[in-house]
Amino acid sequence: MRLGTTDHDRDTAGLLYVYPVVSRRAGGVSVGVNLNPNNACNWRCNYCQVPGLVSGNAPPIDLSRLESELSGFLDAVLSRGWMEEHVPEGARTLKDVAFSGNGEPTSSRQFAEAVEVVVRVLRERDLVGRIEIVLITNGSFAHLPEVRRGLEAMRGAGGVVWFKVDSATDAGMRAINDARTGPERQRRNLEIAARACPTWIQTLMLAIDGQAPSEAEVEAYLALVRDLVASEVPVEGVLLYGLARTSHQPEAPRLSALPREWMEAMAERIRAAGLPVRVS
Ligand code: SF4
C-alpha cells in the first residue's frame, strides 16, 4: 500500500472504522474514523463521493473495536519506517484524526462515546494538542444533546468542526444536498456547533448543467455570513471548495467545477461580508 492524495478508499488499511489518507485538506496524513461503514447518510449531496450511498443513519458502533483499531493503527503510523514506506515525500506528517466517513458521523447515537475513545487513544500517545481532531459534518444533528456533548469533548482536546453549508436557501439545500433540514435550522445548528467547539463553515460550490449558483443564491449565502458576523457567532471562517473529485451520485454528469475566477470572486465577497476564507 502506498498512499496518494487521490487514494480515499476507506478499505485501504483493511479495518472497519479506521483508514488513512494523505489529505490535500490536512497537508499530510489524516487518520479517518468512519462511523458509517453502512454507507448511510441522512443527506444525499449531489457531489457525494460515497459509492453505494444509502439513506439512513450510522449503525451501532463497536466502541472497543474502534479503540483497538485506532490504537493499533496510530502505533503503526508512529513506528519507524511507516511514513517512508507508505507516504510520498513532503507529506510525511501526522496531521489529524478526522471523523469523516461514508455518511454523517453525528447520526451515530454513540458519537460522544466515539469522541471519548479518540481523545483517550490520543492522550495515551501524548498526541492531544499536537494533532487536531476534526469533525466533518452536515451539522443536521448538532442540536441533539449527545452530539453537543461530543462537540464539547472535542473542544477540550484540540478539536475543530467543519460544518457544511453549501446553500442558505431551502431550494438550494434540496437541490444540492437533498436535505429537508432547511436554512433556519441549519443556521441554529451552526451557532450551536460554533459555541461548543471551534467551527469552520465548509462550502462546496459547483455548476449544475453548466449554470453557476444564481445571484439570489449567492446573496442568500452572503446574508447568512453577514448575520453570523453581526450576531457575533464565533465562526472561524469559510473553507470554500470547488468540485475536485467525481461524484458517485446519479447527478454526476450534470456537475462541473466553476472557473477559478468565479471562486476567487466569491471568496472576495465572503471576505467583504466579514469572514476569513480559504479556497481549495
Ligand atoms: S453529508 Fe457528506 S456523506 Fe452525506 S451525502 Fe453529503 S457529502 Fe455525502
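Thresholds applied
- Residues numbered from 1 in each chain as written.
- Predicted model: local features only at pLDDT ≥ 70, side-chain atom pairs only at ≥ 80, totals over all residues.
- Heavy atoms only, no water.
- Core = buried A, V, L, I, M, F, W, Y, C linked by side-chain atoms within 4.5 Å.
- Buried < 20%, exposed > 50% of the residue type's maximum accessible area, 1.4 Å probe, protein only.
- Helix = DSSP H or I, 4+ residues; strand = E, 2+ residues; numbered from the N terminus.
- Contact = heavy atoms within 4.5 Å.
- Near = heavy atom within 4 Å.
- Nonpolar A, V, L, I, M, F, W, Y, C, P; charged D, E, K, R; others polar.
- Expected span 1.5 Å × (residues − 1).
- Pairing = 2+ DSSP bridges.
- Axes fitted to C-alpha atoms, helices over the stretch in contact; angles between N-to-C directions.
- Phe/Tyr/Trp six-rings, centres within 6.5 Å; stacked < 30°, edge-to-face > 60°.
- Left-handed = near helix turned anticlockwise from the far one by under 90°.
- Polar contact = N/O pair within 3.5 Å; in protein donor to acceptor, adjacent residues only side chain to side chain.
- Parallel < 35°, antiparallel > 145°, perpendicular 65-115°, else oblique.

### Points about the nonpolar core
For step 1, the next point in the chain: In terms of nonpolar packing, the biggest core is built from 68 residues, with F99 and I270 touching the most fellow members.
For step 2, the next point in the chain: Broken down by element, the residue count for this core peaks at eight residues, all from helix 3 (residues 111–124).
For step 3, the next point in the chain: What I270 contacts, discounting residues up to four positions off in sequence, is Y221, L222, V225, V238, L240, L275 and V277.
For step 4, the next point in the chain: If you look at the next biggest cluster of nonpolar residues, it comprises 22 residues, including C41, C45, I136 and Y241.

### Side note on the site of the ligand
For step 1, the next point in the chain: The environment of the ligand is made up of C41, W43, R44, C45, C48, L53, G103, N138 and K164.
For step 2, the next point in the chain: Per-class residue counts for the shell around the ligand are five nonpolar, two polar and two charged.

### Examining helix 1 (residues 63–78)
For step 1, the next point in the chain: Here helix 1 spans 22 Å end to end across 16 residues, near enough to the 22 Å set by a 1.5 Å rise per residue.
For step 2, the next point in the chain: The set of residues buried in helix 1 consists of L66, E67, E69, L70, S71, F73, L74 and V77.
For step 3, the next point in the chain: Contacts made by the buried residues of helix 1 are with strand 1 (18–23), strand 2 (28–33), helix 2 (82–86), strand 5 (94–99) and helix 3.

### Some details on the sheet that holds strand 7 (residues 159–164)
For step 1, the next point in the chain: Reading across the sheet, the eight strands line up as 1-2-5-6-7-8-10-12 and stay open at both edges, with mixed pairing between neighbours. The strands lining the two open edges of the sheet, one partner per strand, are strand 1 and strand 12 (277–279). Between one strand axis and the next, the sheet turns by 25° as a mean value, whatever way the strands run.
For step 2, the next point in the chain: Here strand 7 pairs with strand 8 (residues 199–204) via four bridges, running parallel. By the bridge assignment for strand 8, F163 is matched with I201.
For step 3, the next point in the chain: Docked against the sheet, helix 1 engages strand 1, strand 2 and strand 5, running at close to 40° with respect to strand 1.

### So, the packing of aromatic side chains
For step 1, the next point in the chain: Going through the model one piece at a time under the given rule, you end up with two aromatic pairs.
For step 2, the next point in the chain: Ring plane angle 85° and centroid distance 5.8 Å describe the contact between F73 and W82, whose orientation is recorded as edge-to-face.
For step 3, the next point in the chain: For F73, a relative accessible area of 8% gives the class buried.
For step 4, the next point in the chain: Taken together, a centroid distance of 5.6 Å and an interplanar angle of 65° make the contact between F99 and F111 edge-to-face. In this pair, F99 is assigned in strand 5 and F111 in helix 3, connecting sequence segments 12 residues apart.

### Considering the environment of R65
For step 1, the next point in the chain: In this fold, R65 is placed in helix 1.
For step 2, the next point in the chain: Spatially, the C-alpha atom of R65 lies 8.6 Å from that of L16, the residues being 49 residues apart in sequence.

### Notes on the packing of helix 7 (residues 215–230) against helix 8 (residues 260–273)
For step 1, the next point in the chain: With their axes 9 Å apart at the nearest point, helix 7 and helix 8 run at an angle of 35° to one another. As for the relative orientation of helix 7 and helix 8, their crossing is right-handed in sense. Between helix 7, through E215, V218, E219, Y221, L222, V225, R226 and V229, and helix 8, the contact on the second element is made entirely by W262, M266, R269, I270 and A273.

### Examining the environment of N42
For step 1, the next point in the chain: Tracing the sequence through the fold places N42 in the loop between strand 3 (40–41) and strand 4 (54–55).
For step 2, the next point in the chain: Here the alpha-carbon distance between N42 and E104, two residues 62 residues apart in the chain, equals 6.9 Å.
For step 3, the next point in the chain: A distance of 3.1 Å separates a polar atom in the side chain of N42 from a polar atom in the side chain of N138.

### What to know about the packing of helix 1 against helix 3
For step 1, the next point in the chain: Axis separation between helix 1 and helix 3 bottoms out at 10 Å; the angle between their running directions is 30°. For the element pair helix 1 / helix 3, the angle class is roughly parallel. Here helix 1 runs over helix 3; the crossing is right-handed. Where helix 1 abuts helix 3, its residues L63, L66, E67, L70, S71 and L74 lie against E113, A114, V117, V118, R120, V121, L122 and E124.
For step 2, the next point in the chain: Classifying every residue of the contact of helix 1 with helix 3 gives nine nonpolar, one polar and four charged.

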